[in-house]
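Commentary on secondary and tertiary structure
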Amino acid sequence: RLAGTLAASGFQRALVTLNEAMLWRRLGDNEQARRQLEVLKKQRLAHHVAGNDYLGAMECIVSAWCAYTARDLPLAQSLLGGMADDPARSVVLRHHPDVRFEWCNLWALGCRSRALALAAEDAPAARLLAEESLRRFGDALTAAFESHSFDAAQHVAANLGMAVWLFDRVGL
C-alpha cells in the first residue's frame, strides 16, 4: 500500500498493481488477483505507460497462472501460446529474463501435468511432453540466473526435481 501511495508515475502505479496481482495469486486468491489484473489493464489502456510491453506480458502470465491454479490447463496454455505467437509479446518473452522465467516455468508445469495425465494411455506422447517439460524447466532456470533471482532459481529447481521424481514414478 505504501508503494502505491509513493508511486510517482503511471508506470510505477502499474508496477505496484502488477505486483499486487502476483502476490494475490501466490496467496491463492485468484479472484483478488484477477481484480488487480483488471485494474492493471485499465491503467495500461488509459495512458501509454513506459514499460507497457513488459506489463502486458506479465498481465498475460499472471492470468495464465490464475487459470493453472484454477485447474484450467487448456486456458493457461492457450494464454501462454498466444503470448509466444504475438509479435510484440514474443520479443519481450525472448529478451526479458523475468518474463521468460515465468513463461517457461508455467509452460513446463503445464507440460508436466499433461504428461502425467497421458502416461498410462499414451506413453510415447507422454514422454515427448515430459521431455518438453524438463527442457522448459531448464530454460526457466537459465532465465532465473540471468536475472540474478536466486529465489526464482530455487522455485524452478524444486519444480524440476518434483517433475523428475513424478516422471520416474509413472515410468517416463
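For every chain, the first residue of the written sequence is number 1, and numbering continues from 1 onward in sequence order. Given that this is a predicted model, residues contribute local features only at a pLDDT of at least 70 and side-chain atom pairs are listed and counted only at 80 or more, while totals for whole chains, interfaces and linings are drawn from all residues. Calculation of side-chain values draws on the structure's entire complement of heavy atoms; hydrogens and water are dropped beforehand.

Looking at empty space enclosed by the protein
A 1.4 Å probe that fits into a set of points on a 1 Å grid over the protein atoms alone but cannot get out defines a cavity; an open set with protein on both sides within 12 Å along at least five of seven lines defines a pocket, and lining residues are those with an atom within 4 Å of a point. Grid points are joined across faces, edges and corners, and a volume is the space filled by probe spheres set on the points. Enumeration according to the criterion identifies 1 cavity of 30 Å³ or more in this entry. The space that makes up the largest cavity amounts to roughly 30 Å³. Every residue lining the largest cavity is listed: Met22, Arg25, Arg26, Met58, Ile61, Val62, Trp65 and Glu102. Contributions of two or more residues to the lining of the largest cavity are made by helix 2 (10–26) and helix 4 (52–69). Strands here are runs of E lasting at least two residues and helices are runs of H or I lasting at least four, both read from the DSSP assignment and numbered beginning at the N terminus. Counting residues per element, the lining of the largest cavity draws most heavily on helix 4, which supplies 4 residues. Any residue outside Ala, Val, Leu, Ile, Met, Phe, Trp, Tyr, Cys, Pro, Asp, Glu, Lys and Arg is labelled polar, Gly included; the first ten of those are nonpolar and the last four are charged. Of the residues in the lining of the largest cavity, the class split is 5 nonpolar, no polar and 3 charged.

Here we look at helix 8 (residues 123–146)
Under the 1.5 Å per step criterion, the end-to-end length of helix 8 is 34 Å for 24 residues, consistent within 8% with the ideal 34 Å. Along helix 8, the residues classified as buried are Ala126, Leu129, Ala130, Ser133, Phe137, Ala140, Ala143 and Ala144. Contact partners of the buried residues in helix 8: helix 7 (97–118) and helix 9 (150–169). Helix span, as expected, comes to 1.5 Å for every residue beyond the first. Residue burial is assigned from relative accessible area. The probe radius is 1.4 Å, only protein chains are included, and a residue is buried under 20% of its type maximum, exposed over 50%, and partly exposed in between. Contact between two residues is taken to exist if any of their heavy atoms lie within 4.5 Å; hydrogens are not considered.

Brief notes about the layout of surface pockets
By volume, the largest pocket amounts to about 480 Å³. Counting only elements with at least two residues in the lining of the largest pocket, the list comes to helix 2, helix 4, helix 7 and helix 9. For the lining of the largest pocket, the element with the highest residue contribution is helix 7, accounting for 6 residues. Its residues placed into classes, the lining of the largest pocket shows 9 nonpolar, 6 polar and 6 charged.

Some details on the environment of arginine 25
Here arginine 25 lies in helix 2. Judged by relative accessible area, arginine 25 falls into the buried class, the value being 15%. Sequence spacing of arginine 25 and cysteine 66 is 41 residues, and the spatial spacing of their C-alpha atoms is 6.5 Å. Excluding residues within four positions of it along the chain, arginine 25 makes contact with Asn30, Ala33, Val62, Trp65, Cys66 and Thr69.

Notes on the confidence of the model for the chain
Within the chain, residue pLDDT values average 89, and 93% of them lie at 70 or more. The pLDDT value expresses, per residue, how confident the predictor is, ranging between 0 and 100. The secondary structure element of the chain with the lowest average pLDDT is helix 1 (residues 2–6), at 68, and the one with the highest is helix 8, at 97.

Points about the pattern of salt bridges
When charged atoms on two side chains of opposite charge get close, those side chains can pair. Note on definitions: salt bridges are taken to be side-chain nitrogens of Lys or Arg within 4 Å of carboxyl oxygens of Asp or Glu. Counting across every chain of the model gives 4 salt bridges. Lysine 41 is paired through a salt bridge with glutamate 59; the nearest N and O atoms lie 3.8 Å apart. Residue lysine 41 is located in helix 3 (residues 30–46), and its partner glutamate 59 is located in helix 4; the two are separated by 18 residues in the primary sequence. On the basis of relative accessibility, which here comes to 35%, the residue lysine 41 falls in the partly exposed class. A salt bridge links glutamate 146 to arginine 100; the nearest nitrogen and oxygen atoms lie 2.2 Å apart. Taken together, the residues glutamate 146 in helix 8 and arginine 100 in helix 7 connect sequence positions 46 residues apart. Glutamate 146 sits in the partly exposed class, given a relative accessible area of 43%.

Things to note about the packing of aromatic side chains
Centres within 6.5 Å make a pair out of two Phe, Tyr or Trp rings, where for Trp the six-membered ring is used; the pair is then stacked when the planes are under 30 degrees apart, edge-to-face when over 60, and tilted otherwise. Counting across every chain of the model gives 3 aromatic pairs. Judged by centre distance (6.0 Å) and plane angle (90 degrees), the ring pair of tryptophan 65 and tyrosine 68 falls under edge-to-face. Of the two residues, tryptophan 65 and tyrosine 68 are both situated in helix 4; the distance of 3 residues between them amounts to about one turn of the helix. Take tryptophan 65: its relative accessible area is 9%, and that puts it in the buried class. A residue is classified by how much of its surface remains accessible, and tyrosine 68, at 15% relative accessible area, is buried. For a Lys NZ or an Arg CZ to count as sitting over a ring, it must be within 6 Å of the ring centre and within 35 degrees of the ring normal. Here the guanidinium or amino end of arginine 25 rests over the ring plane of tryptophan 65, the centre of that ring lying 4.2 Å away.

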